[in-house]
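Observations on chain architecture
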Number of protein chains: 6
Amino acid sequence: MTDPSARLTHVREDGTAHMVDVSAKNVTAREATAESILRTTSEVIALITEGSLPKGDALAVARVAGIMAAKQTSTLIPLCHPLPISKVTVDFKPEKDAVVVRATVKTTAVTGVEMEALTSVSIAALALYDMVKAVDKHAVITDTRVLAKSGGKSGDWTV
Amino acid sequence: MTDPSARLTHVREDGTAHMVDVSAKNVTAREATAESILRTTSEVIALITEGSLPKGDALAVARVAGIMAAKQTSTLIPLCHPLPISKVTVDFKPEKDAVVVRATVKTTAVTGVEMEALTSVSIAALALYDMVKAVDKHAVITDTRVLAKSGGKSGDWTV
Amino acid sequence: MTDPSARLTHVREDGTAHMVDVSAKNVTAREATAESILRTTSEVIALITEGSLPKGDALAVARVAGIMAAKQTSTLIPLCHPLPISKVTVDFKPEKDAVVVRATVKTTAVTGVEMEALTSVSIAALALYDMVKAVDKHAVITDTRVLAKSGGKSGDWTV
Amino acid sequence: MTDPSARLTHVREDGTAHMVDVSAKNVTAREATAESILRTTSEVIALITEGSLPKGDALAVARVAGIMAAKQTSTLIPLCHPLPISKVTVDFKPEKDAVVVRATVKTTAVTGVEMEALTSVSIAALALYDMVKAVDKHAVITDTRVLAKSGGKSGDWTV
Amino acid sequence: MTDPSARLTHVREDGTAHMVDVSAKNVTAREATAESILRTTSEVIALITEGSLPKGDALAVARVAGIMAAKQTSTLIPLCHPLPISKVTVDFKPEKDAVVVRATVKTTAVTGVEMEALTSVSIAALALYDMVKAVDKHAVITDTRVLAKSGGKSGDWTV
Amino acid sequence: MTDPSARLTHVREDGTAHMVDVSAKNVTAREATAESILRTTSEVIALITEGSLPKGDALAVARVAGIMAAKQTSTLIPLCHPLPISKVTVDFKPEKDAVVVRATVKTTAVTGVEMEALTSVSIAALALYDMVKAVDKHAVITDTRVLAKSGGKSGDWTV
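Residues numbered from 1 in each chain as written. Chains lettered and ligands numbered in written order. Predicted model: local features only at pLDDT ≥ 70, side-chain atom pairs only at ≥ 80, totals over all residues. Heavy atoms only, no water.

An unreviewed UniProt entry lists chain A under the name Cyclic pyranopterin monophosphate synthase, from Arthrobacter pigmenti. The Catalytic activity (unreviewed entry) field of the UniProt record for chain A holds the comment "(8S)-3',8-cyclo-7,8-dihydroguanosine 5'-triphosphate = cyclic pyranopterin phosphate + diphosphate". Per UniProt, the comment on chain A under Function (unreviewed entry) is "Catalyzes the conversion of (8S)-3',8-cyclo-7,8-dihydroguanosine 5'-triphosphate to cyclic pyranopterin monophosphate (cPMP)." (UniProt positions renumbered as here; feature names shortened; annotations may be inferred.)

Structure (structure tokens):
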């Protein structure tokens, strides 16, 4: 799961941070899917699905937040390269006492979009938290991870 | 833990989203602390603490990312009010196979800074993921939650 | 309707642009309401209200766009002062062949929020255009104006 | 003028909003021109052309605002794709009691720049309003629309 | 000129970066003036003052860039606090082979605006460089410094 | 050093500002290196290298600020084109009473990255100033200039 040899690539002699050079990499179609889960109470899930939360329609707001956040990834994550994002979808699956947030991002570029997908689900989940915090201040965002990636020389993979 | 009566406050008749009116609330000193955990492998933790990750010094980069993200909260979370943030600290505690990220945010304003603290730890954790993903693509960000809050009429609390 | 004497205030000798000094003005509660109208076809209005447009739920997206844009006003309009916005609502009234967009913004600050309300309805209307342009590239955004303003020494007014 | 068949493209089953997938579209040179009109009084037009407005040189400020806004389109309009803009011009034609704002935007990309041109004229017109509001609070921004578009598979067109 | 005792204030035990706590400081009127100089050739100065540079009217563009940059200070400088800026002026004095850029910024807040004034002149000077680089790629930006500061407990000073 | 003939390119008849059309230029690999110098006192240099400044680890913070600023260039400099940056490095060389800041930026695009490299060193130097201003308010940022450029039809050059 961990590939220690990768650490040899791009390391600067003094160990300082840098935005690594991707100019020699190939432009290819790339896609990534990430997930994050908001854990709350069944009562709050009912309020979300009924659309009766104090601040209004939570899923629509969180969806837009997640889509817009994908486009802000390179301004938020210091060493991320700006990418021409060609697709973003953000979906929600309410469960008994949780909402599963899933985002898929595509680009045609020299580097992948895992960070864009992760940023999208993270901000969507935070926007959900913001909508429910008046009724559940102890909600928790958990299991934020990449589910699948395709395109690029490191090969496709799925969890 | 859930206060259903709160849902009566600020609900619009048509259930649509809005940035709720906080103009009548009192300006007071407010503080919030949030936490998020990046789960990876003990090998990666060693690379982080040695400072030998491919992209460089992970904790310094993630700390700056977290501090700057706190200031972007109201541009990322659609219904958040812009606040004059007066302090942000972001700290990391490396453990066996995880890094605990903790942020404290203060303001003197009409509304609280939980979302700022949560956004700060979330983006700091994502920046860490970005630094380690070349060596562990299966790292997971988990347990993102508010630990404590003070100031404001809803009273102080700690997990 | 036009007050030529106002032009004497704040004019620099060389006529160059500047962000005028508002530091001596009083902090008061201020509110403004603005409106903008998207003119399209009755067929498109049906698609909007049915929620069957290609890019999805137009009104929810445009509402979030308008709320978030209000918070970006001082980064978009060069001479606007940054303000601590305390409330934003954006509403839509579909008519026969148009959608009326209305936004109300509040602050407690030294200067008014007309620009915030106007920016909010303008971006909400542009977001609507973006949603309908696949089915009506000739939609027009019109009648963008301030409807009412209160607070501040210039006095309250309504169109 | 309205093409109802277009609504079949890209519609999600649940009708939710998404940034549509443009990754299979061709990279071509694309251009769009948009217009917006600020309606005010002849007296204010004189102040604009004399350069004697309170906040200073209105057209220069509004031109820069419009150019910069074109570059912010994908951060303002939730479902817009980020594009590598290759040209922006913003021009003003003062008339008897109005200023006509016109912007042309070019890109070489997979999708068109109508939204960029519209956002450019809208923000330029709002910046003008901001400059004149001290002398005419009833100015109105109107007739914001796309005048012409070229490039892309939907074909070139002009109003 | 250097006050080593100041280093004792706000230092964290582990020496890591943080946005220092300003919540206990007094809200007062504060002002700062900064300067930066673009050194180029007398021929370029002539092009600037004639307004015949390739990209157009350099001083108007640089002035707007400087004013807008002042408002972006806390998003650019990691440890800066966001401040409600109440005034910004940016002025240019063309000399024989240089342009002197000067900015004054005011706020009523808990901390000073030196960084805002410095960011304003720096970005204004960079915008000027961008306008002249087609005719002088060896232009240099120099002597960027604070000229005067007032308000706050550290006392007023002028160079 | 100055090429007056260049002024004939892209000049608009009315001399107004515009983002020049680069759509016909070739996409090539481009690189630029810029430098800026923060002049302070030897005592402050000691505090920087010891890492004992009030706000914390100055070089790590300024490095991240410089890398992130490179990505913000087109939002700060009005007439700059947005570019897909493929590499950024920011380095610091402490000297007796100064810190030399150097940044290298790469892209594969239709126009060069001198402004990105200059913006990167300027913001990194401002971030350093922000870290040292508590102990040296008279620090000066100087000699901000392009050191070398490669790629593009104007040819490679080094100072």
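1. What about the pattern of salt bridges?
Taken as a whole, this structure holds 54 salt bridges over all chains when the rule is applied. Between D130 of chain B and K133 of chain B there is a salt bridge, with its nearest N and O atoms 3.0 Å apart. Take D130 of chain B: its relative accessible area is 1%, and that puts it in the buried class. A network of salt bridges, in which partner residues are shared, links E35, R102 and R145 of chain A. (Salt bridge = Lys/Arg side-chain N within 4 Å of Asp/Glu carboxyl O. Buried < 20%, exposed > 50% of the residue type's maximum accessible area, 1.4 Å probe, protein only.)

2. Topic: the relation of the copies chain C and chain B
Each copy of the sequence occupies a distinct position, and chain C is placed on chain B by a rotation of 120° and an axial shift of 0.0 Å, giving an RMSD of 0.0 Å. On the angle and the small slide along the axis, the relation comes out as a three-fold axis. Across chain C, the rotation axis passes nearest the C-alpha of P84 of chain C, at a separation of 4.7 Å. (Least-squares fit on C-alpha atoms with pLDDT ≥ 70 in both.)

3. So, the relation of the copies chain D and chain C
When chain D is fitted to chain C, the best match, at an RMSD of 0.0 Å, comes from turning it 180° and sliding it 0.0 Å along the axis. Interpreted geometrically, this transformation is the action of a two-fold axis. Using C-alpha coordinates, one finds that chain D approaches the rotation axis most closely at T142 of chain D, a distance of 2.0 Å. The share of interface residues of chain D whose copies in chain C are also at the interface is 100%, consistent with both copies meeting through the same surface. (Contact = heavy atoms within 4.5 Å.)

4. Considerations on the interface of chain C and chain B
Of the residues lining the interface, 17 residues belong to chain C; the matching set on chain B comes to 19 residues. In this assembly, chain C packs against chain B so that about 1300 Å² is buried in total across both faces, 56% of it on carbon and sulfur atoms. Across the pair D21 of chain B and K106 of chain C runs a salt bridge, and its minimum N-O distance is 2.8 Å. Contributions of two or more residues to the side of chain C that touches chain B are made by α2 (58-76), β2 (85-94) and β3 (98-109) of chain C. Here the element with the most residues in the side of chain C that touches chain B is β2 of chain C; it accounts for seven residues. The class makeup of the residues in the side of chain C that touches chain B is eight nonpolar, four polar and five charged. (Buried area = accessible area lost by both parts, 1.4 Å probe. Helix = DSSP H or I, 4+ residues; strand = E, 2+ residues; numbered from the N terminus. Nonpolar A, V, L, I, M, F, W, Y, C, P; charged D, E, K, R; others polar.)

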